[in-house]
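Structure assessment
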Amino acid sequence: MTDLTFAHTEAERLPAKDREAILDNPGFGDHFTDHMVSIAWTRDAGWHDAQVMPYGPIPMDPASSVLHYGQEIFEGLKAYRRADGSIVTFRPEENASRLNDSAARLALPELPVELFVEAVKRLVAVDAAWVPSGADQSLYVRPFMIADESFLGVRAAQRARFLVIASPSGPYFTGGIKPVSIWLSQDFSRAGHGGTGAAKCGGNYAASLLPQNLAAENGCQQVLFTDANSPDTIDELGGMNLFLVRDDKTLVTPALNGNILPGITRKSLIQLAKDRGYAVEERAVTVTEWREGVANGSITEAFACGTAAVITPIGQLKSPDFTIDFGDRAPGELTLSLREELTGIQYGTHEDRHGWLTEIPAVGAAV
Ligand code: PLP
Ligand code: COI
């Protein structure tokens, strides 16, 4: 509990039968629950006016700084419904602490970790009926922070708002656990030294949309970004981290070098792989190494990982000059088995031996 009191105004936005129709086939990020959380901040008053309120438009002055200079950060985590009906979230305090790292980089205010977790718990509890129960379904929770001071000078805003919305979701990539094709971005980088690559800010994603369009034009579902100064060195995908699997029980993944997002799925998989006795190398990884390793058989699998993507096998890396192809060897065995273990922990069929889950209390119970 934090000492900030949440005001609750509750209202069902959609009748139960419309909600059930959405939950049967939620898609990803297309529908929103009945409520949202809003907490205001000013430099003088700090965090105040915490509310669980009906989901809907927010007041926005046209001069709000987020609209002009992009002072915005966000998070993504999921709530899972287990077979016994209970609901859990996965490592929410990690998202809270990453939000604060992003806040520091974007000159936004930090939010106490327990306030972040309480906001998530309150929203999921009040909208528990929106947590789907189908295979691979979950409630995707999107906390975010915007600068909403009205002025046009270029400086850090002295007014901001933290909001949490939620969206019932199925798999990010449709079509089952099918290997995806990745487009190698050669003309555009996602991050440069000293930039915002390690922050989860809207601007990073805005910059990824043109290369993502190019990926789609080339028949690929995601784009792979490489280092701005060293185009052979892999950073990450537009919305996921990347792992290669070697035939000597080793996982290889780009190190957290300030350019890539420190993924919570990435961190969790490193732990699960080490638990199994795999070596994990966090270091500079190159496209050449990937290409040569697949050609000589020492690299046997590649996968993308993230909250939205979970663990998604990569079948191909395409560029105008070459294609690296796992053919019918994807999805790989370790990819599938790590996916099974991680989702098993989340949905309650595997033991939560690292204490990664936070239970959502029933509505009315103390948060
Ligand atoms: N990298 C980027 C650019 C992302 O947007 C995400 C998704 O949040 C990730 C990596 C994976 O992070 P996480 O596992 O915390 O969802
Ligand atoms: C997430 O996985 O939470 C993201 O923010 C990535 C995006 C592809 C939805």
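Quick notes on the rules
- Residues numbered from 1 in each chain as written.
- Chains lettered and ligands numbered in written order.
- Predicted model: local features only at pLDDT ≥ 70, side-chain atom pairs only at ≥ 80, totals over all residues.
- Heavy atoms only, no water.
- Axes fitted to C-alpha atoms, helices over the stretch in contact; angles between N-to-C directions.
- Helix = DSSP H or I, 4+ residues; strand = E, 2+ residues; numbered from the N terminus.
- Parallel < 35°, antiparallel > 145°, perpendicular 65-115°, else oblique.
- Left-handed = near helix turned anticlockwise from the far one by under 90°.
- Contact = heavy atoms within 4.5 Å.
- UniProt positions renumbered as here; feature names shortened; annotations may be inferred.
- Buried < 20%, exposed > 50% of the residue type's maximum accessible area, 1.4 Å probe, protein only.
- Polar contact = N/O pair within 3.5 Å; in protein donor to acceptor, adjacent residues only side chain to side chain.
- Near = heavy atom within 4 Å.
- Areas by Shrake-Rupley, 256 points an atom, 1.4 Å probe, with all protein chains shown as cover.
- Nonpolar A, V, L, I, M, F, W, Y, C, P; charged D, E, K, R; others polar.
- Salt bridge = Lys/Arg side-chain N within 4 Å of Asp/Glu carboxyl O.
- Pairing = 2+ DSSP bridges.
- Right-handed = clockwise from strand over helix to strand, strands pointing away.

Notes on the packing of helix 6 (residues 264-275) against helix 8 (residues 333-347)
Two measures define how a pair of helices packs: the angle their axes make with one another and the distance between the axes. With their axes 11 Å apart at the nearest point, helix 6 and helix 8 run at an angle of 110° to one another. Relative to helix 8, helix 6 is oriented roughly perpendicular. Crossing handedness for the pair helix 6 and helix 8: right-handed. Across the interface between the two elements, Thr-265, Ser-268, Leu-269, Leu-272 and Ala-273 from helix 6 touch Leu-338, Glu-341, Leu-342 and Ile-345 from helix 8.

Some thoughts on the UniProt feature "modified residue: N6-(pyridoxal phosphate)lysine" (unreviewed entry) in the chain
Sites flagged by UniProt as "modified residue: N6-(pyridoxal phosphate)lysine" (unreviewed entry) map to Lys-200. Note that Lys-200 resides in the loop between strand 9 (180-184) and helix 5 (202-217). Residue Lys-200 is classed as buried on the basis of its relative accessible area of 10%. Discounting chain neighbours no more than four positions away, the residues touching Lys-200 are Ile-73, Phe-74, Glu-75, Gly-76, Arg-98, Ser-102, Tyr-205 and Leu-261.

Considerations on the side chain of Asp-148
With respect to the helices, strands and loops of the structure, Asp-148 is situated in the loop between strand 7 (138-147) and strand 8 (159-169). According to the relative accessible area criterion, Asp-148 is buried, its value standing at 5%. Separated by 3.4 Å, the side chain of Asp-148 and the backbone nitrogen of Ala-160 make a polar contact. With residues up to four places along the chain from it excluded, the contact list for Asp-148 reads Ser-64, Ser-65, Arg-159, Ala-160 and Arg-161.

Quick notes on the site of ligand 2
The environment of ligand 2 is formed by Phe-74, Gly-76, Tyr-140, Arg-142, Tyr-172, Lys-200, Gly-239, Thr-307 and Ala-308. Within the side chain of Tyr-140, one N or O atom sits 2.6 Å away from an oxygen atom of ligand 2. The separation between an oxygen atom of ligand 2 and a polar main-chain atom of Ala-308 is 2.8 Å. About the coverage of ligand 2: the protein hides 88% of its 280 Å² of free accessible area.

What to know about unusual backbone geometry
A negative phi holds for most residues other than glycine; trans holds for most peptide bonds. Backbone geometry places Ala-107, a non-glycine residue, at a positive phi of 55°. Summarising the element assignment, Ala-107 is placed in the loop between helix 3 (92-105) and helix 4 (113-126). Residue classification places Ala-107 among the partly exposed residues on the basis of a relative accessible area of 41%. A positive phi angle, near 60°, is found at Lys-249, a position not held by glycine.

Concerning the site of ligand 1
Taken together, the neighbourhood of ligand 1 is formed by 17 residues, with Arg-98, Tyr-205, Glu-236, Thr-265 and Thr-307 sitting nearest. In this structure, Thr-307 approaches ligand 1 through a side-chain N or O atom, which is 2.6 Å from an oxygen atom. Only strand 11 (230-237), helix 6 and strand 15 (299-306) provide two or more residues apiece to the shell around ligand 1. Of the residues contributing to the shell around ligand 1, the split by class is 6 nonpolar, 7 polar and 4 charged.

Quick notes on the pattern of salt bridges
A full pass over the atoms with the stated rule returns 20 salt bridges. Here Arg-159 and Asp-148 are joined by a salt bridge, their closest N and O atoms 3.3 Å apart. Note that Arg-159 is positioned in strand 8 and Asp-148 in the loop between strand 7 and strand 8, a separation of 11 residues in sequence.

Overview of the pairing of strand 13 (residues 250-254)
Taking burial as the measure, the 5 residues of strand 13 include 5 buried ones, the bulk of the element. Here strand 13 shows no split at all, with Thr-250, Val-252 and Pro-254 on one side and Leu-251 and Thr-253 on the other all buried. Note that strand 12 (residues 241-246) and strand 13 share 3 bridges and pair antiparallel. Residue pairing for strand 13: Leu-244 is matched across the bridge by Val-252. Counting the residues in the hairpin turn of strand 12 and strand 13 gives 3 residues, including Lys-249, whose phi is positive at 60°. Direction of pairing for strand 13 relative to strand 14 (residues 279-283): parallel, over a ladder of 5 bridges. When the bridges of strand 14 are listed, Pro-254 appears paired with Arg-283. A crossover links strand 13 with its parallel partner strand 14, the connecting element being helix 6, and its sense is right-handed.

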